[in-house]
Amino acid sequence: MDANVTASLSLEGPDERRDLKLVGDWSPASMPHIERQLLTLPANLCGHVICDWSAAKTPGIGPAWLLLTRLIDLGCSHLDIEHVGNPPHFLELLKKLTHDRHLARTTHLHVPSLETLVGRLGLWAVLQGRYMRGVLEFFGRIVAVVGQIFSRPRALRISSLTRHMYETGVTAIPIVSLIAFLISVIVAYLGAQQLARFGANIFVVDLVTIAVLREMGVLLTAIIVAGRSGSAFAAEIGVMQLNEETDALRAMGLNPIEVLVVPRVLALFIVLPCLTVIADGMGLAGGILLSLVNLHIPLPEFISRMQEALAPTTFWAGLVKAPVFAILIAMVGTYRGMQVRDSARELGRLTTVAVVQSIFFVIFADALFAVLFVQLDF
Amino acid sequence: MLDTSYDPVIRVRGLVNRFGRQIVHDGLDMEVRQHEIFGVVGGSGTGKSVLLRSILGLKAPDGGTVELYGRDVQSLAADENSSLVQSYGVTFQNGALISSLTVAQNIQLPLREHYDLSEPALDALAEMNILMVGLSADTAGKYPSQLSGGMVKRAALARALALEPKLLFLDEPTAGLDPISAAAFDELLLYLHAQLRLTVVMITHDLDTLFRTCTRIGVIVDSRMVSDTLPGMLENPHPWIREYFHGTRARAAEAPLKEQGHG
């Protein structure tokens with residue numbers, strides 16, 4: 001087999017009737033080489049082209065297709081190409097394919113596109129509008145199911161609710177406790193260093209208690225839960241979407257919102273305030289420990305100072321945010337999960353979106369609360 | 001490179017495959033010659049897929065030899081593996097298209113891996129393969145999830161043909177298709193088989209496909225293979241083969257055949 005001769009082509013003859021001699025190895029393996037050779041063909045090939053295959057070894061359909069499409073793109077009509085000299089056995093298929101290609105090109109010649117700036121802006125606006133409507137509809141459906149619970153207690157799926165409370169709440173206690181404790185120690189330690197310069201060590205107690213109870217306890221808990229459970233909600237429901245399980249539920253007359261979404265939202269609604277209380281406790285414990293070890297503030301003094309520092313509302317100002325954060329996290333997670341369609345890639349993308357967005361919404365809501373509480377003097 | 005004009009294309013001798021105590025193949029012989037469409041038939045659990053995996057070199061057999069183009073599949077060294085892979089194309093039962101890539105990107109995946117081609121050339125080759133399997137040109141930009149069952153089978157065939165193999169393995173190519181789509185797939189297969197001079201090994205349960213396309217049939221019974229042409233198979237006295245080719249479903253599929261050939 002003389003396949004080692006590299007593929008080449010040479011064009012001869014007058015403009016209206018050219019001979020194209022194909023020489024060497026025309027198997028698929030030499031396609032990269034053939035492609036470079038094809039670039040040397042002159043533009044504006046009009047008239048008859050005769051392809052001579054007699055010197056081409058083991059021609060493949062891929063190289064032949066590259067040749068023909070190149071000739072056609074250079075201005076040759078697909079009807080004006082002739083094949084001589086033992087043409088390849090798949091010639092009939094090749095001719096049919098070039099004909100199909102010709103048809104496809106002529107039927108879809110010009111589709112007006114939305115590629116202009118205004119078009120894209122409009123498309124974006126419409127999509128955002130639809131997206132907002134989708135979110136509102138989703139929220140409305142959840143509220144409707146929650147409303148039904150009072151008239152039809154069966155709509156509350158107790159077993160599902162307890163399972164999610166366990167998974168999102170009980171199993172999160174160690175990590176929430178640990179992080180609240182450590183962050184509080186860090187704040188107390190750094191705060192003590194700064195305050196020591198003014199001889200105001202005792203104010204570390206104010207710093208730790210107010211920071212933990214008002215902001216950090218609830219915010220840290222919400223962010224951890226968003227990362228743990230928001231992603232789990234999106235992934236679980238997303239996989240069910242891919243397996244058509246949600247469609248199966250609908251077909252059996254079950255409402256996926258009632259079966260899948262509401263138990264998760266309610267579970268988080270109940271569990272997140274509890275986790276916040278635990279985080280508050282662990283945060284205070286961290287502050288007390290550091291004050292004792294590093295600043296030599298004994299426990300009774302810490303507590304009496306704490307009682308002076310705290311307003312009656314400080315604890316509640318933190319805790320009241322927890323249910324709101326819970327609803328945000330659970331809704332974003334479940335909504336993104338319900339949006340999963342078609343592919344594994346979508347699942348990954350929407351799970352990521354769920355976590356990022358729920359953390360964003362939590363922090364954004366926290367900012368609104370901060371402004372609101374200042375205005376209300378809460 | 002493998003000599004793709006070697007005959008027989010596949011030669012399996014005394015193949016033994018077992019999982020624990022369960023013996024799947026016990027001295028199975030099989031031979032596929034150039035330019036055949038060879039249908040593999042067998043009851044559930046008789047090891048059709050295991051046979052396919054053994055031939056592709058994906059599973060080391062517990063005994064016997066598998067030769068592809070006269071070379072032992074298992075002893076083909078790692079550096080020769082790519083020429084082995086390029087010499088055959090496979091379609092899997094559910095298409096196995098990569099769900100995060102478009103149809104065109106799926107077809108270009110093996111081309112990108114093996115050839116250093118420019119984007120326009122890759123696009124042209126994807127277009128060729130898409131048109132070749134009878135899909136419309138606008139399928140190129142679609143994702144597998146946007147395709148119907150029949151289109152997925154065709155797209156999988158297009159990907160299997162991308163490297164221009166001379167040997168094609170099809171695992172249940174018409175399963176799950178409606179009869180009209182399945183018949184269209186049969187015709188497509190026959191046309192491409194003739195035009196591209198392919199050798200085809202097909203696992204199928206579709207009796208219509210079997211009767212329409214296959215030149216020879218291999219039936220796996222009692223852990224061995226009985227191969228014969230279709231008329232020969234119809235005369236075979238083995239009870240399972242008789243049941244398979246003379247059951248109620250088979251009779252309906254045979255009817256047009258008898259009118260043409262035997263009747």
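These figures come from a predicted structure and were not determined experimentally. Every chain is numbered independently, its residues counted from 1 as its sequence is written. Written order determines the labels here, with chains lettered from A and ligands numbered from 1. Local features in a predicted model are, by the rule used here, given only for residues with pLDDT of at least 70; side-chain atom pairs are given and counted only at 80 or more, and totals for whole chains, interfaces and linings are based on all residues.

Details of the overall build of chain A
Rules: A run of H or I in DSSP counts as a helix once it spans at least four residues, and a run of E counts as a strand once it spans at least two, with each numbered from the N terminus. Comment: burial labels come from other C-beta atoms within 10 Å of the residue's own C-beta, placed from the backbone, where a count of 20 or more is buried, 12 or fewer is exposed, and between is partly exposed. Working definition of a contact: two residues with C-beta atoms, positioned from the backbone, lying within 7 Å.
Scanning chain A for helices and strands turns up 13 helices and four strands. Split into buried and exposed, the 378 residues of chain A put 36% on the buried side. Sequence separation of 24 or more characterises 83% of the internal contacts of chain A that already satisfy a separation of 6 or more.

Some details on the overall build of chain B
Of the regular secondary structure elements, chain B holds 10 helices and 10 strands. Counting across all 263 residues of chain B, residues that qualify as buried make up 40%.

Thoughts on the sheet that holds strand β3 (residues 48–57) of chain A
Residues and elements named next belong to chain A. Operational definition: A pair of strands is treated as paired once DSSP finds two or more bridges between them. Angles here are taken between N-to-C directions and fall from 0 to 180 degrees, while the axes themselves are lines fitted to C-alpha atoms, restricted in helices to the stretch in contact.
The strand order across the open sheet formed by four strands is β1-β2-β3-β4, and the pairing between neighbours is mixed. Each having just a single partner strand, β1 (8–12) and β4 (81–84) make up the two edges of the open sheet. Ignoring which end each strand starts from, the neighbouring axes of this sheet average 20° apart. As judged from the eight bridges shared by strand β2 (residues 17–25) and β3, these two strands associate in the parallel manner. The residue of β3 that forms the bridge with R18 is V49.

Points about the pairing of strand β7 (residues 167–171) of chain B
Residues and elements named next belong to chain B. Most of β7 is tucked away: five of the five residues are buried. Alternating residues of β7 divide into L167, F169 and D171 and L168 and L170, and every residue in both groups is buried. As judged from the four bridges shared by strand β6 (residues 88–91) and β7, these two strands associate in the parallel manner. Bridge assignment links Y88 to a residue of β7, and that residue is L167.

Comments concerning the environment of L260 of chain A
All names here are of chain A. By secondary structure assignment, the location of L260 is in helix α9 (residues 256–294). On the basis of neighbour count, L260 is assigned to the buried category, with 24 C-beta atoms found within 10 Å. Counting along the chain gives 11 residues from L260 to L249, while the straight-line C-alpha distance between them is 10.0 Å.

Side note on unusual backbone geometry
In this structure, E244 of chain A takes a positive phi of about 60° despite not being glycine. Along the chain, the position of E244 of chain A falls in the loop between α7 (204–242) and α8 (245–251). When the 11 C-beta atoms within 10 Å are taken as the criterion, E244 of chain A is described as exposed. Located in the positive-phi region is S223 of chain B, a residue other than glycine, with phi close to 65°. Position of S223 of chain B relative to the elements: it lies in the loop between β9 (216–221) and β10 (224–228). With 17 C-beta atoms counted inside 10 Å, the residue S223 of chain B sits in the partly exposed group.

Some details on the interface of chain A and chain B
Put simply, the rule is: The classification used treats Ala, Val, Leu, Ile, Met, Phe, Trp, Tyr, Cys and Pro as nonpolar, Asp, Glu, Lys and Arg as charged, and all other residues, Gly among them, as polar.
Opposite the 22 residues of chain A that make contact, chain B presents 21 residues. Put simply, the parts of the chain that give the side of chain A that touches chain B at least two residues each are α1 (31–38), α2 (61–73), α3 (91–107) and α13 (344–376) of chain A. If you tally residues by element for the side of chain A that touches chain B, the top one is α3 of chain A, at six residues. Class assignment of the residues belonging to the side of chain A that touches chain B gives a composition of 11 nonpolar, five polar and six charged.

Some thoughts on the nonpolar core
Selection criterion: Nonpolar cores are identified as sets of buried Ala, Val, Leu, Ile, Met, Phe, Trp, Tyr and Cys residues joined via C-beta atoms within 7 Å.
By size, the foremost hydrophobic cluster in this structure holds 95 residues, and its most contacted members are W65 of chain A together with A158, V200 and M202 of chain B. The dominant element in this core, judged by the number of residues it contributes, is helix α4 (residues 119–132) of chain B, at eight residues. With near-sequence residues (within four places) excluded, V200 of chain B lies in contact with I37, F38, L168, L170, L189 and H193 of chain B. If you look at the next biggest cluster of nonpolar residues, it comprises 59 residues, including I142, A226, I237 and A279 of chain A.

Some details on the sheet that holds strand β3 (residues 37–42) of chain B
Residue and element names in this part refer to chain B. Taken in spatial order, the six strands of this open sheet run β6-β7-β8-β3-β9-β10, and their pairing is mixed. Each edge of the sheet is formed by a strand with only one pairing partner; in this case those strands are β6 and β10. Recorded for the sheet is a direction-independent mean angle of 15° between the axes of neighbouring strands. Where β3 meets β9, five bridges bridge the pair, whose relative direction is parallel. When the sheet's bridge partners are listed, G39 is paired in β9 with I217. Here helix α1 (residues 48–55) sits on the sheet and contacts β3, β7, β8 (199–203) and β9; the angle it forms with β3, its principal contact strand, is near 140°.

Looking at helix α6 (residues 173–196) of chain A
Residues and elements named next belong to chain A. Here is the rule we go by: The span you would expect from a helix comes to 1.5 Å times its residue count less one.
Taking 1.5 Å of rise per residue, the 24 residues of α6 would be expected to cover 34 Å, and the 34 Å separating its terminal C-alpha atoms lies within 8% of that figure. Among the residues of α6, V176, A180, I183, S184, V187, A188, G191 and A192 are the ones counted as buried. Those residues of α6 that are buried lie in contact with α7 and α9.

Regarding the confidence of the model for chain A
Using the following cut-off: The predictor rates its confidence in each residue with pLDDT, a number between 0 and 100.
Of all residues in chain A, 96% attain a pLDDT of 70 or more, and the chain-wide mean is 88. At the low end of the mean pLDDT range in chain A sits β1 of chain A, at 80; at the high end sits helix α12 (residues 321–339) of chain A, at 95.

A word on the environment of L292 of chain A
The residue L292 of chain A is located in helix α9 in this model. Those residues within four positions of L292 of chain A in sequence are excluded, and the remaining contacts are I297, P298 and L299 of chain A.

Describing the packing of helix α4 (residues 117–151) of chain A against α9 of chain A
Residue and element names in this part refer to chain A. Rules: In what follows, roughly perpendicular refers to angles from 65 to 115 degrees, roughly parallel to angles under 35, roughly antiparallel to angles over 145, and oblique to any angle outside these ranges.
Where α4 contacts α9, the axes come no closer than 10 Å and their chain directions differ by 90°. Considering their axes alone, α4 and α9 lie roughly perpendicular with respect to each other. Here R141, I142, V145 and V146 of α4 come into contact with α9, specifically with I257, E258, V261, V262 and V265. The residue makeup of the contact of α4 with α9, split by class, is seven nonpolar, no polar and two charged.

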